[in-house]
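If you want the building blocks of each chain, they are given just below.
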Amino acid sequence: QEQLVESGGGLVQPGGSLRLSCAASGFTLDWYAVGWFRQAPGKEREGVSCSASGGGSAYYSDSVKGRFTISRDAAKNTVYLQMNKLKPEDTAVYYCAVRPPVHTDTICMSPGAYNTWGQGTQVSVYE
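In this text the structure is predicted, and so the values were computed from the model without any measurement.

**Student:** Before we go on, may I ask you to explain unusual backbone geometry in this structure?
**Tutor:** If a residue is not glycine, its phi is most likely negative; likewise, a peptide bond is most likely trans. Here Asn77, not a glycine, exhibits a phi torsion of approximately 55 degrees, which is positive. Positionally, Asn77 belongs in the loop between strand S7 (68-73) and strand S8 (78-83). Phi is positive for Lys85, which is not a glycine, with a value near 50 degrees. With a relative accessible area of 57%, Lys85 lands in the exposed category.

**Student:** What is the right way to look at the pattern of salt bridges in this model?
**Tutor:** Side chains that differ in sign of charge can pair as their charged atoms come close. For the structure shown, the criterion picks out five salt bridges. The salt bridge partner of Asp30 is Arg72, with a shortest N-O separation of 3.8 Å. Placement of the pair is Asp30 in the loop between strand S3 (18-25) and strand S4 (33-39) and Arg72 in strand S7, with a sequence separation of 42 residues. In this structure, Lys65 engages Asp62 in a salt bridge whose closest nitrogen and oxygen atoms are separated by 3.3 Å. If you follow the salt bridges from partner to partner, you end up with Arg38, Glu46, Arg67 and Asp90 in one network.

**Student:** Help me out: how do you make sense of the sheet that holds S3 in this one?
**Tutor:** Adjacent strands of a sheet form backbone hydrogen bonds with each other and so pair up, either parallel or antiparallel. If you trace the four strands from one edge of the open sheet to the other, you get S1-S3-S8-S7, paired in antiparallel fashion. Looking at which strands have only one partner, the edges of the open sheet turn out to be strand S1 (3-7) and S7. Neighbour-to-neighbour, the strand axes of the sheet open up by a mean angle of 15 degrees, direction not taken into account. Relative to S8, S3 runs antiparallel, the two sharing six bridges.

**Student:** For this particular structure, what's the right way to read the state of the cysteines?
**Tutor:** Linking two cysteines covalently through their sulfur atoms gives a disulfide. According to the stated counting rule, one finds two disulfides in the structure shown. Numbered by position along the chain, the disulfide-linked cysteines of the protein connect as 1-3, 2-4.

**Student:** Help me out: how do you make sense of the nonpolar core in this one?
**Tutor:** Nonpolar side chains in soluble globular proteins tend to be buried together. Residues Leu4, Leu29, Trp36, Phe68, Leu81, Met83 and Tyr94 are the most contacted members of the largest nonpolar core, which totals 25 residues. Of all elements in the fold, only S3, S4, S7, S8, strand S9 (92-99) and strand S11 (121-125) reach the threshold of two or more residues within this core. Residue contacts for Tyr94: discarding those within four places in its chain leaves Glu6, Leu20, Phe37, Arg38, Val48, Phe68, Leu81, Met83, Gly120, Thr121 and Val123.

**Student:** Looking at this model, I keep getting lost on the side chain of Thr78. Mind explaining?
**Tutor:** Its place among the elements puts Thr78 in strand S8. Overall, the relative accessible area of 8% leaves Thr78 in the buried class. At a separation of 2.8 Å, a polar atom in the side chain of Thr78 contacts the main-chain carbonyl oxygen of Lys76. Sequence-distant contacts of Thr78, that is, excluding residues within four places in its chain, are made with Ser21, Cys22, Ala23, Leu29, Ser71, Arg72 and Asp73.

Quick notes on the rules
Position labels on residues start from 1 in each chain and follow its written sequence. For this predicted model, a pLDDT threshold of at least 70 governs which residues receive local features, and a threshold of 80 or more governs which side-chain atom pairs are given and counted, while totals over whole chains, interfaces and linings are taken from all residues. To obtain the side-chain values, all non-hydrogen atoms of the structure were included, while hydrogens and water were left out. Helix and strand labels come from DSSP, where a helix needs a run of H or I of at least four residues and a strand needs a run of E of at least two; each type is numbered from the N terminus. Burial here depends on accessible area, computed with a 1.4 Å probe over protein chains only, as a share of the maximum for the residue type. Under 20% is buried, over 50% is exposed, and the range in between is partly exposed. Salt bridge, as used here, is a side-chain nitrogen of Lys or Arg placed within 4 Å of a carboxyl oxygen of Asp or Glu. Strands were regarded as paired on the criterion that DSSP finds at least two bridges between them. Where helices are involved, their axes are fitted lines through C-alpha atoms of the stretch in contact, as for all axes, and angles between N-to-C directions lie from 0 to 180°. For this text, the term disulfide refers to a pair of cysteine sulfurs within 2.5 Å. Nonpolar core, defined: a set of buried Ala, Val, Leu, Ile, Met, Phe, Trp, Tyr and Cys residues in which side-chain atoms within 4.5 Å join the residues together. We call two residues contacting when some pair of their heavy atoms lies within 4.5 Å. N or O atoms closer than or at 3.5 Å make up a polar contact, with two conditions inside protein: a donor-capable atom paired with an acceptor-capable one, and, for residues adjacent in sequence, both atoms drawn from side chains.

In structure tokens form, the structure reads like this:
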């Protein structure tokens, strides 16, 4: 059974760091595009970062560019999101999702383009 499991969320002060993990089972992550998305209360789910394919391009939203980094570990079948210099506005539930490989940032960063999702992990950034 194909499954994605996120972990690594938590409570952190502004300026702090967290590393989220997205571990896959039942399939090989390197064959897919992997996106990280977030949803804050009362807001729509938005794209944060995506890796177009194993060895492919990485994309970031303007709000996290320069602070967040997406990476893959093929041996662990896991994708990471390193989040530095966290801000209160980064507070949300973070999800990872997969889809077939893509070649444009528009599709890569669009929640509607993905069909397999993890359960989410809460990130809270408080003063």
